[in-house]
Amino acid sequence: MPGDGRPRLTRHVRMRFDATRERHVLLGPESVIVLNPTGADILGLCDGRRTVSEVATELQARYDRVVDDEVAAFLDRLVTRRCVEIDDA
Amino acid sequence: MPEPFGLLAELTYRCPLACSYCSNPLELAAYDDELTTAQWQRVFTEAAELGVLQCHLSGGEPLLRRDLVDLVRTAAGLGMYTNLVTSAIGLSRSRAEGLRDAGLDHVQVSVQADEPATADRIAGIPAFERKLRAAAVVKELGWPLTVNVVLHRQNVDRVAEIIALVEDLDADRVELANTQYYGWAWRNRAALLPSREQLAGAEEVVRAARARLAGRMEIVHVLPDYYAEYPKPCMGGWAARQLTVAPNGDALPCPAAQTLPLPRASVRDQSLRAIWEDSPLFTAYRGTGWMRDPCRSCDRRETDFGGCRCQAFQLTGDAARTDPVCHLSPDHALVTDAVEAANAPAGRDEVLVPRPHRG
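Here is what the cut-offs are and how they apply
- Residues numbered from 1 in each chain as written.
- Chains lettered and ligands numbered in written order.
- Predicted model: local features only at pLDDT ≥ 70, side-chain atom pairs only at ≥ 80, totals over all residues.
- Heavy atoms only, no water.
- Pairing = 2+ DSSP bridges.
- Helix = DSSP H or I, 4+ residues; strand = E, 2+ residues; numbered from the N terminus.
- Contact = heavy atoms within 4.5 Å.
- Axes fitted to C-alpha atoms, helices over the stretch in contact; angles between N-to-C directions.
- UniProt positions renumbered as here; feature names shortened; annotations may be inferred.
- Buried < 20%, exposed > 50% of the residue type's maximum accessible area, 1.4 Å probe, protein only.
- Domains from an automatic or database assignment.
- Buried area = accessible area lost by both parts, 1.4 Å probe.
- Polar contact = N/O pair within 3.5 Å; in protein donor to acceptor, adjacent residues only side chain to side chain.
- Phe/Tyr/Trp six-rings, centres within 6.5 Å; stacked < 30°, edge-to-face > 60°.
- Lys NZ or Arg CZ within 6 Å of the ring centre and 35° of its normal.

Another aspect to go through is the sheet that holds strand β9 (residues 251–252) of chain B. Residues and elements named next belong to chain B. Spatial strand order, β7-β6-β5-β4-β3-β2-β1-β8-β9: 9 strands in an open sheet with mixed pairing. What marks the edges here is a single partner per strand, and that holds for β7 (218–222) and β9. Across the sheet, helix α9 (residues 196–213) touches β6 (173–178) and β7, and the angle it forms with β7 is around 160°.

Structure representation (structure tokens):
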């Protein structure tokens, strides 16, 4: 996961808050991923403009702890599941 | 009590196609009395209240419902991810624009084979060219496109050509799903079940295509459970994650559950919540308490949930038995006999029985 890549949700998935489960969820054609609050925060910052490093820095400020590896690993898993794409340009 | 994630709304069993692998029930006439627009809208509202996040609009052919745009608008307005599962027959550009404006999220188009002669023979009507045009409209309107190809003995040898076609259509995903033997497919099983050699060939093609198309197109390959060692985790567990509502309002934990000898549960008589939480059809096989050995003491009981209850019933007459697909099932010979017949050296010339067109 390059730190200067710019992550965003892929076109076919959508994130929303689910009042039933009181969690954010990531919805795709054949999948539902129930996110924990940190995951939802990370994806909320993935707008295709911020880099992976910038997302981690912002999150670090919010949580007051180092999250670099956590952010990269989380996004990596979602790239594998084709929910997130990384713009290298 | 688990909360369901997905609703399969089988809006109608009417269909312009006559595919012999169709999983719709054999008694199609029993479903002619379809739910009204207002009844479906109530079902969607109750489903959303129950926690449903995905609404698959399917059939039969859902485009035959004249109220489809209104139904999509309702489901989308409830925040559900809406997925149209269609043959694409009847998906004109104006119809597609109406659906897009109503908030439809995703379209899945079925394709029967890579070229018109085979595809139209399987579909029972000249549908191939119309499907390609409709798939192009899906892309032009900016939707992600999934192409679904049901694989079987008559088309599995063409999987390389099928993948090439799907590439030409610029699909985002392709599902190469071997036939599941319910409904009309069950009736046609002997003519549809591929041989071991056919499957090995397809698997090699898919492996190479996945490597070549990585990052461009997702390839989902569903192998026939008859050849598996363990059964599929049907529906993610009985009445655990999904539910189906049939065209006549019957609510089902699995689309094939209308065959089971349990009292019907209809959205005409009860709320979806009452059905989900309390109806015998939904509670009978929820969790693991109903299991007998070998499932009861199996380490995989929470992994595959004993397989498919409807398949167990279909093959053994008892829905509480282990899915005979499992190599640990005492009834496993029912599956291996069918597999051996599909691999008999003489080769067979089974005739496909098409499901009737209903328009």
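It is worth spelling out the UniProt feature "binding site: [4Fe-4S] cluster" (unreviewed entry) in chain B at this point. Residues and elements named next belong to chain B. The positions UniProt marks with the feature "binding site: [4Fe-4S] cluster" (unreviewed entry) are C15, C19 and C22. Assignment of secondary structure puts C15 in the loop between β1 (6–10) and α1 (37–50). Looking at C15, the relative accessible area reads 11%, which means it is buried. Looking at the secondary structure, you find C22 in the loop between β1 and α1. Note on C22: relative accessible area 13%, which makes it buried. Look past the residues within four positions of C22 in its chain and what remains in contact with it is Y182, G183, W184, A185 and R355.

Turning next to the sheet that holds strand β2 (residues 14–18) of chain A. Residues and elements named next belong to chain A. Sheet architecture is open: 3 strands sit in the order β2-β3-β4, paired in antiparallel fashion. Here the strands that pair on one side only, and so sit at the sheet edges, are β2 and β4 (32–34). With strand direction ignored, the average angle separating the axes of adjacent strands in the sheet is 25°. As paired elements, strand β3 (residues 23–27) and β4 share 3 bridges and run antiparallel to each other. By the bridge assignment for β4, V25 is matched with V34.

All right, on to the domain arrangement of chain B then. Put simply, an interface is often sized by how much accessible area is lost when its parts join up. Residue and element names in this part refer to chain B. Segmenting chain B into domains produces domain 1 (6–227) and domain 2 (234–343). Placing the centre of domain 1 and that of domain 2 at their C-alpha centroids yields a distance of 23 Å. The interface of domain 1 with domain 2 comprises 36 residues on the first partner and 31 residues on the second. In this assembly, domain 1 packs against domain 2 so that about 2,900 Å² is buried in total across both faces, 56% of it on carbon and sulfur atoms. Considering only the surface of domain 1 that becomes buried against domain 2, L50, Y182 and Y226 emerge as the three largest contributors, covering 22% of it. Taken together, the connections running from domain 1 to domain 2 amount to 15 residue pairs in polar contact (both at pLDDT 80 or more).

All names here are of chain B. In total, this model carries 6 aromatic pairs over all chains according to the counting rule given. Aromatic pair Y181 and Y226: ring centres 5.3 Å apart, planes at 70°, arrangement edge-to-face. With Y181 in the loop between β6 and α7 (183–187) and Y226 in the loop between β7 and β8 (242–245), this pair connects stretches of sequence that are 45 residues apart. As far as burial versus exposure is concerned, Y181 and Y226 are alike and both buried. Measuring from ring centre to ring centre gives 5.5 Å for Y285 and W290, while their planes differ by 85°; the resulting arrangement is edge-to-face. Like W290, Y285 is buried. These aromatic residues form a ring-pair network of at least three members: W238, Y285 and W290. In this structure, R286 is placed above the aromatic ring of W276, and the distance from its NZ or CZ to the ring centre is 4.9 Å. Against the face of Y230 rests R300, its NZ or CZ located 3.8 Å from the ring centre.

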